[in-house]
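# Observations on the model geometry
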Amino acid sequence: MKISKEEVLHVANLAHLEFDEAEIDRFSEQVGKILEYVDALNQVDTTGIKPTSHAIFLTNAFREDVPKAHLDRQVGLANAPEQEDGCFLTPRVIG
Amino acid sequence: MNLYELTIHEAHRLLQEKRISAVELTRSVLGRIEAVEGRVDAYLTIAAEKALEQAMAADKLIGAGDSRPLTGIPLAVKDVICTRGLRTTCASKILANFVPPYDATVSEKLQKAGAIFLGKVNMDEFAMGSSTENSGFKPTRNPWNPDYVPGGSSGGSAAAVAADMCLGALGSDTGGSIRQPASHCGVVGLKPTYGRVSRYGLVAYASSLDQIGPITKDVTDCALLMNAIAGHDSKDSTSVPREVPDYSRNLKNGLDDIIVGLPREYHDSGGLDPDVARAVDNAKAVLKDLGVRFTDVSLPHTPYAVAAYYVIAPAEASSNLARYDGVRFGVRDKSSDSLQEMFRRTRSGGFGAEVKRRIILGTYALSAGYYDAYYGKASQVRTLIMEDFKKAFEACHVLLSPVAPTPAFKIGENTDDPLTMYLSDIFTIPANLAGIPGMSIPCGFSSKGLPIGLQLMARHFDEDTLFKVGYNFEQASDFHDKKPML
């Protein structure tokens, strides 16, 4: 198998996801198959080829640093699952 | 003729001549939605009341002599594009209750142009998929046959246009998500050049590949929508400061000076459905009669495009989707008593299987020890794919290929096998990796009566040529006039 169950668990932990046993089995098999397919990339000689992260060659989109209208605080908070005193409220951070 | 059957340009003429009103037109389309939505399931949110208010405002503008091409035109918007005050879910349970506090630039531009929003249409969750079966809420059905998928991820947009449930729609395309559903539903779809249309307010999937574009009943309408949405936007640092031409201006010019390239790797690929091969051959014959010349070209790195895409897109997605943590917006798991637990439970309960699969894949490809082997390698192959196109476009203006290797497949047919589903994007993914524009235009029907699309691709920022070739082809064929029986 291209990716072990332990690796799936490790990666899930990095991505803040949790899976039950059946999901771990299914994901390690499916992601393993995809990674095997992706291995075809190794057939390509890429010696000295620069990587492309962006298809259009633009650098540094500068603009003047001018204050503009922004969202009102209450509008920005309107979608918050929980809020208090004009702030986002979360469960406790330090256990 | 029912008003809902009109194209955008036909409706514009009738509105301008005051033979119909925007309210009548909007009522007709809303009636059509009510009549067929049960069989198509294209919409996630229908904003009937708001749409009628916008229609009344449009009628006032038209009455005052201010009638622009989209004034009073009822449109549908893919649910991945933010609309202020109108729920935007990305077809994900994690955003089931999200009401954007701002408009995407394209939403703002269309509304300023006088367009009416009927509602938000279905898609694969976070635009990840090729069938709209990955919607967190419901699958959309192909209007030509309800047992078949409409394609995806913009399946709701394409189905709504094909079923006359809107006059035109916006979609988004990361690996074929506008062109493939347009092909499967028998309508026109354009993925513009990367950077041509602002992505501000488009919920990000893979930021270096995503692009918003129109899905319409014909090529003329597609150009009209592009005129309204294209252009530089200071809110999107990847949008390109470059003048926007009038995309309608060259439609009627002839094709005598056009050289069409036939990429060997696309036409000789095994697994091409015989009905698709026949329809594309027929399209070539039509274009030949219109005066184009053909030349064979090679895009040698085509066989590696899907592999490169399924590293790059999930890698970018794993980063983009980190923001869904239940803190600032969206759904939160309320049973957790620590922050970390809340993150995990919110995300695990809110995301569907395909989204989780891609987050796992992307996080793995970017993780320590694997970055160079996967993301680095795929980014180098992307350079080679771009160079292939650059070289091919030295010999031709347009590249011609099928949009998809097969017509639409049955609902449920590919859901257990993600890799097979991914491979159906083989002809559309390269244009996203290279950032070039691509159009899907109806070119035939399968023996089962399902639509087939022709793909035309052009150089960066040369949408103009796609519109011209597409329009001439459309005028010489009658596939776009055919309607599904619903």
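Up top is the structure.
Residues numbered from 1 in each chain as written. Chains lettered and ligands numbered in written order. Predicted model: local features only at pLDDT ≥ 70, side-chain atom pairs only at ≥ 80, totals over all residues. Heavy atoms only, no water.

## A word on the nonpolar core
Core analysis: the biggest nonpolar cluster contains 181 residues, and Tyr43(B), Leu110(B), Phe126(B), Phe389(B) and Phe467(B) have the highest contact counts within it. Not counting the four nearest positions on each side in its chain, Tyr43(B) is found in contact with Ile33(B), Glu37(B), Ala76(B), Leu118(B), Gly119(B), Lys120(B), Val121(B), Lys138(B), Ala160(B), Met165(B) and Cys166(B). (Core = buried A, V, L, I, M, F, W, Y, C linked by side-chain atoms within 4.5 Å. Buried < 20%, exposed > 50% of the residue type's maximum accessible area, 1.4 Å probe, protein only. Contact = heavy atoms within 4.5 Å.)

## Some remarks on the packing of helix α1 (residues 5-14) of chain A against helix α12 (residues 353-366) of chain B
Across the interface, α1(A) lies against α12(B) with an axial gap of 9 Å and an inter-helix angle of 95°. When the axis of α1(A) is compared with that of α12(B), the two are roughly perpendicular. Between α1(A), through Glu7(A), Val8(A), Val11(A), Ala12(A) and Leu14(A), and α12(B), the contact on the second element is made entirely by Ile360(B), Thr363(B) and Tyr364(B). Across the contact of α1(A) with α12(B), the residue classes tally to six nonpolar, one polar and one charged. (Axes fitted to C-alpha atoms, helices over the stretch in contact; angles between N-to-C directions. Helix = DSSP H or I, 4+ residues; strand = E, 2+ residues; numbered from the N terminus. Parallel < 35°, antiparallel > 145°, perpendicular 65-115°, else oblique. Nonpolar A, V, L, I, M, F, W, Y, C, P; charged D, E, K, R; others polar.)

## What to know about the packing of aromatic side chains
All names here are of chain B. In the structure shown here, the tally under the stated rule is 18 aromatic pairs over all chains. Taking 6.3 Å as the distance between ring centres and 20° as the angle between the ring planes, the aromatic pair formed by Phe389 and Phe393 counts as stacked. Judged by relative accessible area, which is 7%, Phe393 ranks as buried. One aromatic cluster in this structure is built from Phe98, Phe126, Tyr324, Phe329 and Phe351. (Phe/Tyr/Trp six-rings, centres within 6.5 Å; stacked < 30°, edge-to-face > 60°.)

## A word on the state of the cysteines
Residues and elements named next belong to chain B. Tallied over the full model, the rule gives zero disulfides over all chains. Residue Cys185 stays outside any disulfide, its sulfur separated by 11 Å from that of Cys166, the closest cysteine. Exposure remark for Cys185: the relative accessible area of 0% places this residue in the buried category. Between Cys222, a cysteine without a disulfide, and Cys166, which holds the nearest cysteine sulfur, the sulfur-to-sulfur distance is 13 Å. Cys222 sits in the buried class, given a relative accessible area of 0%. (Disulfide = S-S within 2.5 Å.)

## Concerning the sheet that holds strand β5 (residues 188-191) of chain B
All names here are of chain B. Ordered by their spatial adjacency, 11 strands build an open sheet running β1-β3-β2-β4-β6-β5-β10-β11-β9-β7-β8, and the pairing between neighbours is mixed. Either end of the sheet is taken by a strand with one partner, and the two such strands are β1 (43-46) and β8 (293-297). The average angle at which neighbouring strand axes cross in this sheet is 30°, direction not considered. Here strand β2 (residues 74-78) runs beside strand β3 (residues 116-121); their pairing, made up of five bridges, is parallel. (Pairing = 2+ DSSP bridges.)

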